[in-house]
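An overview of the molecular structure
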Amino acid sequence: MTAVLSPLLPGGTRVLVTGGARGIGRAVADAFAAQGARICILDRDAVPDAPAGWLCVAGNVAEEAEVEAAFAAMDAAWGGVDVALANAGFAMNTPTIDLPVAAWRRIVDVNLTGAFLTAQAAGRRMLRDGAGLILFTSSLYGTVGGADRAGYCATKAAVANLARALACEWGLRGVRVNALAPGYTETAMVTDLVAQGRLDRDRLTARAPLRRLVRPEEVAALACFLASPAASAITGAVLAVDAGWNANGGP
Ligand SMILES: NC(=O)c1ccc[n+]([C@@H]2O[C@H](COP(=O)([O-])OP(=O)(O)OC[C@H]3O[C@@H](n4cnc5c(N)ncnc54)[C@H](O)[C@@H]3O)[C@@H](O)[C@H]2O)c1
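For the structure given in this document, a descriptive report is provided here. No experiment lies behind these values; they were computed from the predicted model shown.

Looking now at the site of the ligand. Neighbouring residues of the ligand: 28 residues in total, closest Arg22, Asp43, Tyr152, Thr185 and Thr187. Within the side chain of Tyr152, one N or O atom sits 2.7 Å away from an oxygen atom of the ligand. Interatomic distance of 2.8 Å between a side-chain N/O atom of Lys156 and an oxygen atom of the ligand. In the complex, the protein chains occlude 97% of the 830 Å² of accessible area that the ligand would expose alone. When residues of the shell around the ligand are traced back to their parent elements, those giving at least two are helix H1 (23-34), helix H4 (150-170) and helix H5 (188-195). Per element, the largest residue contribution to the shell around the ligand is three residues, and it comes from H5. The residue inventory of the shell around the ligand, partitioned by class, reads 11 nonpolar, 12 polar and five charged.

It is worth spelling out the environment of Ile107 at this point. Its place among the elements puts Ile107 in helix H3 (residues 101-129). Along the chain, Ile107 and Gly151 lie 44 residues apart, while their C-alpha atoms are 6.4 Å from each other. With residues near it in sequence (within four places) discarded, Ile107 still touches Phe90, Met92, Leu112, Gly151, Tyr152 and Thr155.

Core analysis: the largest hydrophobic core is formed by 46 residues, its most contacted members being Val28, Phe32, Ile39 and Tyr184. The leading source of residues in this core is helix H7 (residues 216-226), at six residues. Residues in contact with Phe32, not counting those within four places in the same chain, are Leu9, Val15, Ala37, Ile39, Val83, Ala223, Cys224 and Ala227. Judged by nonpolar contacts, the second largest core, of 32 residues, contains Ala70, Val81, Ala119 and Ala163.

Before going further, it helps to examine the side chain of Thr13. Note on placement: Thr13 falls in the segment before strand S1 (14-18). Within the structure, the side chain of Thr13 is placed 2.6 Å from the backbone oxygen of Pro10, a separation counted as a polar contact. In this view, Thr13 contacts Gly36, Ala37, Arg38, Asp82 and Val83; residues no more than four positions away in its chain are not counted.

Turning next to the packing of aromatic side chains. Scanning the model with the defined rule gives four aromatic pairs in all. Between Tyr141 and Tyr152 the ring centres are 6.4 Å apart and the planes differ by 75 degrees, which places this aromatic pair in the edge-to-face class. Of this pair, Tyr141 sits in the loop between strand S5 (132-137) and H4 while Tyr152 sits in helix H4, and the two are 11 residues apart along the sequence. When sorted by exposure, Tyr141 lands in the same class as Tyr152, which is buried. Look at Tyr141 and Tyr184: their rings are 6.0 Å apart centre to centre, the planes differ by 85 degrees, and that puts the pair in the edge-to-face class. Pair noted here: Tyr141 is in the loop between S5 and H4 and Tyr184 is in the loop between strand S6 (175-182) and H5, with a separation of 43 residues, a long-range link. Taken individually, Tyr141 and Tyr184 each receive the classification buried, so the pair is uniform in this respect. Taken together, Tyr141, Tyr152, Tyr184 and Trp245 form an aromatic cluster joined through their ring pairs. Seen from the ring of Trp245, Arg207 lies directly overhead, with NZ or CZ sitting 3.9 Å from the centre.

Cut-off values and rules
- Think of each chain on its own: its residues are numbered from 1, step by step along the sequence as written.
- Under the rules for a predicted model, residues below a pLDDT of 70 receive no local features and side-chain atom pairs below 80 are neither given nor counted, while totals for whole chains, interfaces and linings still include all residues.
- By convention in this description, side-chain values take in all heavy atoms of the structure and omit both hydrogens and water.
- Proximity criterion: a residue is near a molecule or strand once any of its heavy atoms comes within 4 Å of it.
- Any pair of N or O atoms that falls within 3.5 Å is considered a polar contact. Within protein, one atom must be able to donate a hydrogen and the other to accept it, and sequence-neighbouring residues count only if both atoms are side-chain atoms.
- Under the convention used here, a 1.4 Å probe and the Shrake-Rupley method define accessible areas, while residue burial counts only the protein chains that appear.
- By the criteria applied, helices consist of DSSP H or I runs no shorter than four residues and strands consist of E runs no shorter than two, each listed in order from the N terminus.
- Amino acids outside the nonpolar list (Ala, Val, Leu, Ile, Met, Phe, Trp, Tyr, Cys, Pro) and the charged list (Asp, Glu, Lys, Arg) are all regarded as polar, and Gly is one of them.
- Here a residue-residue contact requires only that any non-hydrogen atoms of the pair lie within 4.5 Å.
- In this text, buried Ala, Val, Leu, Ile, Met, Phe, Trp, Tyr and Cys residues form a nonpolar core when linked through side-chain atoms within 4.5 Å.
- With a 1.4 Å probe rolled over the protein chains alone, any residue whose accessible area is under 20% of its type maximum counts as buried; one over 50% counts as exposed, and the rest are partly exposed.
- Only centres within 6.5 Å qualify two rings of Phe, Tyr or Trp (six-membered ring in Trp) as a pair; their planes then separate them into stacked at under 30 degrees, edge-to-face at over 60, and tilted for everything else.
- Charge-over-ring placement is defined geometrically: NZ (Lys) or CZ (Arg) within 6 Å of the ring centre, and within 35 degrees of the ring normal.

Written out as structure tokens, the structure reads:
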């Protein structure tokens with residue numbers, strides 16, 4: 001009989017989620033916590049209704065010292081980190097011809113440099129311990145382009161390839177690195193743009209073969225699977241959870 005690998009997390013898994021105050025990050029934190037994980041959130045905003053025992057660190061992922069402070073809090077409380085999800089990010093829908101360089105720098109700083117700083121701080125601890133999983137939240141726009149989204153598309157593609165590069169660099173030392181590529185997901189990031197008339201919900205769902213947006217908990221389920229023993233050979237992967245959006249080349 002072949003071995004059967006568990007799709008469940010080891011007890012007490014120590015998980016850091018950036019941008020975990022709401023949206024996809026919060027859903028990931030809740031899903032890990034439901035399996036008994038210990039959770040640390042790094043977010044510029046306060047975490048509403050944070051369960052007892054969660055570490056909540058206020059900070060900006062683009063600032064090295066603030067990222068380090070979150071990992072230091074985990075070191076002090078739990079002695080290290082097993083899973084780090086670099087998830088904090090934002091979208092910008094602006095015609096590129098009008099995009100001020102300051103806005104370009106801001107999206108690179110948060111979406112890309114923030115992911116790098118999170119991975120580097122996690123990597124230092126995981127390489128020391130010879131084990132760990134780093135995840136990035138890329139996007140369907142890490143694979144395809146879209147008008148008025150140059151900064152978002154560029155940073156999300158960069159994050160996907162950062163996952164591949166680090167997977168190559170750290171695989172032999174026990175650290176796996178993967179990227180999540182969500183499609184349009186039911187969070188404030190999307191619903192705010194829909195409310196402002198800058199995104200057309202019907203057009204988004206029409207392209208997805210499942211004819212709907214992704215739910216944050218569906219992204220979270222993929223993150224949990226990747227942290228389980230069942231995913232022990234998955235590294236350097238960019239995994240779509242997009243209701244089929246990216247598979248649809250047709251009208
Ligand atoms: N919602 C979608 O359709 C979708 C699709 C693909 C990828 N993503 C990506 O998923 C991630 C989460 O998106 P979401 O939809 O949950 O967004 P959201 O706006 O609902 O939540 C983002 C969270 O990140 C935090 N944050 C933003 N900038 C930060 C910073 N500089 N430092 C610390 N915290 C910061 C915010 O305070 C917020 O809590 C982002 O990287 C986004 O690009 C979202």
